[in-house]
Amino acid sequence: MAEKKILITGAGGMLAQDLVATLQTSCAVIPRSEYDLDICNREAVHDTICSVQPDAVINCAAFTQVDECETEKDKAFAVNAGGVKNLALACHHAACRLFHISTDYVFDGTKGKPYAESDEPHPLSVYGQSKLEGERYIRDILQHYVIVRSLWLYGRGGGNFVSTIIRLAGEHTEIKVVNDQKGCPTWTLHLSQAIRALLDIDAQGIYHIANQGSCTWYEYACKIVERAGGGATVTPITSAQINRPAPRPAYSVLDCSRFTRETGMALKPWDIALEEYLKSSI
Ligand SMILES: NC(=O)c1ccc[n+]([C@@H]2O[C@H](COP(=O)([O-])OP(=O)(O)OC[C@H]3O[C@@H](n4cnc5c(N)ncnc54)[C@H](OP(=O)(O)O)[C@@H]3O)[C@@H](O)[C@H]2O)c1
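Residues numbered from 1 in each chain as written. Predicted model: local features only at pLDDT ≥ 70, side-chain atom pairs only at ≥ 80, totals over all residues.

(A) Local environment of the overall build of the chain. Broken down by element type, the chain carries 11 helices and 12 strands. Against the 2.2 N^0.38 benchmark of 19 Å for 282 residues, the chain shows a C-alpha radius of gyration of 18 Å, consistent with a compact globule. Along the three orthogonal principal directions, the C-alpha set of the chain runs to about 55 × 40 × 35 Å. Considering the chain as a whole, with its 282 residues, one finds that 46% of them fall into the buried category. In the chain, the share of contacts with a sequence separation of at least 24, taken over all contacts with a separation of at least 6, comes to 81%. (Helix = DSSP H or I, 4+ residues; strand = E, 2+ residues; numbered from the N terminus. Rg over C-alpha atoms; globule rule 2.2 N^0.38 Å. Buried ≥ 20, exposed ≤ 12 C-beta atoms within 10 Å, placed from the backbone. Contact = placed C-beta atoms within 7 Å.)

Okay, structure coming up:
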């Protein structure tokens, strides 16, 4: 069988870098960074997808600065919704599948139990609202699509919570970290392997994918300092104490059972994944 041709947008980003490397071993990967292809440019998106004729487009492009989205609302919707609409229209025209990455921030965090794909979204922030609008365009325009919702990503391809905590632990004797938001740290390498598994089956619709288990940002920071060193004390604080511009869900653990049922694959527990990541990065 001929190898699949996969076009990846937002290829300069953190997830995309692991995804390109992961897929390159079994697919013909065509990476397009923001400089090669601005997803807000409808004509360029259409022309690229129609000329490349990929089997699938995987969209990793997004405006991901959650707090900045609150003040740059137009940009957030232009990229996270309008850009996704452009991709969906072009994929419809070229009859190729669209895989899109979305977020736990489409939920308000009040459920208190892991969120299933069928749970009603109710985003609290502009970022979450713009990502949800992107999802809706895909569902309205395309019959065949995959939306992967994940959360709390870290990886080698970009700045993230792990690199920030390691830096802060080297610079300060005390780090204050919020202890009233619960989620699941997820390694972009493992998420990339999961997306590869979805490419191999007849996946359709929304999938929640994350490393297993859950923790608060404070518990996550303690684990990073314990494993990576630095000697700083980690102190728990509340979200109200740091008062960031964008509200975050207090609880956004994702129920990943659909993914496991259909692929036979479960991502490792978050603390084991983090240890592997730290060992491989040092
Ligand atoms: N990071 C997380 O914790 C997290 C959690 C859940 C879901 N996600 C989702 O996962 C996906 C990947 O996230 P990530 O963490 O890898 O983010 P990232 O590192 O910020 O990557 C996003 C990439 O998109 C590019 N981009 C921005 N606007 C664009 C445009 N108009 N056209 C083309 N490219 C554009 C960015 O380029 P510039 O950097 O040059 O702007 C960046 O390279 C996103 O959809 C995000 O919403 C992330």
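After that view of the structure, there is still more to cover.
(B) Seen up close, the site of the ligand. The immediate surroundings of the ligand are formed by 26 residues, with Gly10, Gly13, Glu34, Ala61 and Ala62 found nearest. Secondary structure elements with two or more residues in the shell around the ligand: α1 (14–23), α4 (73–94) and β4 (97–103). The element contributing the most residues to the shell around the ligand is α1, with three residues. (Near = placed C-beta within 6 Å.)

(C) Structural detail: the sheet that holds strand β2 (residues 28–32). One open sheet accounts for six strands, arranged β2-β1-β3-β4-β5-β10; its pairing is parallel. Single-partner strands in this sheet number two, and they are β2 and β10 (205–208). Ignoring which end each strand starts from, the neighbouring axes of this sheet average 20° apart. In terms of strand pairing, strand β3 (residues 56–59) meets β4 through four bridges, oriented parallel. (Pairing = 2+ DSSP bridges. Axes fitted to C-alpha atoms, helices over the stretch in contact; angles between N-to-C directions.)

(D) Seen up close, the environment of Lys182. Mapped onto the secondary structure, Lys182 falls in strand β8 (residues 182–183). According to the C-beta neighbour criterion, Lys182 is partly exposed, with 18 such atoms within 10 Å. For the pair Lys182 and Pro123, spaced 59 residues apart in the sequence, the C-alpha separation amounts to 16 Å. In contact with Lys182, not counting residues within four places along its chain, are Ser214, Cys215, Thr216, Ala250, Tyr251 and Val253.

(E) Region of the structure containing the packing of α1 against helix α7 (residues 188–200). In contact at an axis separation of 8 Å, α1 and α7 are set at 50° when each is read in the N-to-C sense. In terms of orientation, α1 lies oblique with respect to α7. The two elements α1 and α7 cross, and the hand of that crossing is right-handed. Note on element contacts: α7 touches α1 through Thr188, Leu189, Leu191, Ser192, Gln193, Ile195 and Arg196, opposite Met14, Leu15, Asp18, Leu19, Thr22 and Leu23. By residue class, the composition of the contact of α1 with α7 is seven nonpolar, four polar and two charged. (Parallel < 35°, antiparallel > 145°, perpendicular 65-115°, else oblique. Left-handed = near helix turned anticlockwise from the far one by under 90°. Nonpolar A, V, L, I, M, F, W, Y, C, P; charged D, E, K, R; others polar.)

(F) Structural context of the pairing of strand β7 (residues 174–178). Of the two faces of β7, the one lined by Ile175 and Val177 is fully buried and the one lined by Glu174, Lys176 and Val178 carries no buried residue. Across five bridges, β7 lies against strand β12 (residues 233–237) in parallel orientation. For Glu174, the partnering residue across the bridge sits in β12 and is Thr233.

(G) Seen up close, helix α2 (residues 42–52). Within α2 the residues assigned to the buried category are Val45, Thr48 and Ile49. Relative to the axis of α2, the buried residues are bounded by an arc of 90° and lie together on one face. Residues Glu43, Cys50 and Ser51 are exposed on α2 and point more than 90 degrees away from its buried face. Residues of α2 that are buried make contact with β1 (5–9), β2, β3 and α4. At the exit of α2 stands Gln53, carrying a positive phi of roughly 50°. (Arc of directions from axis to C-beta.)

(H) Representation of the packing of helix α6 (residues 161–171) against helix α8 (residues 217–228). Packing of α6 against α8 brings their axes to within 10 Å, and their N-to-C directions diverge by 60°. When the interaxial angle is binned, α6 and α8 end up oblique. As α6 runs across α8, the sense of the crossing is right-handed. Residues Phe161, Val162, Ile165, Ile166 and Ala169 of α6 lie in contact with α8, whose contacting residues are Tyr220, Ala221, Ile224, Val225 and Ala228. Partitioning the contact of α6 with α8 into residue classes produces 10 nonpolar, no polar and no charged.

(I) Region of interest: the pairing of β2. Two elements, β1 and β2, share five bridges in a ladder whose sense is parallel. Paired with Ile8 across the two strands is Pro31, which belongs to β2. Running through α1, the crossover from β1 to the neighbouring parallel element β2 is right-handed. (Right-handed = clockwise from strand over helix to strand, strands pointing away.)

(J) Summary view of the environment of Asn59. Note on placement: Asn59 falls in strand β3. Spatially, the C-alpha atoms of Asn59 and His100 are 4.9 Å apart, while their sequence positions differ by 41 residues. If sequence neighbours within four positions are ignored, Asn59 has contacts with Thr9, Gly10, Val84, Leu87, Leu98, Phe99, His100 and Ile101.

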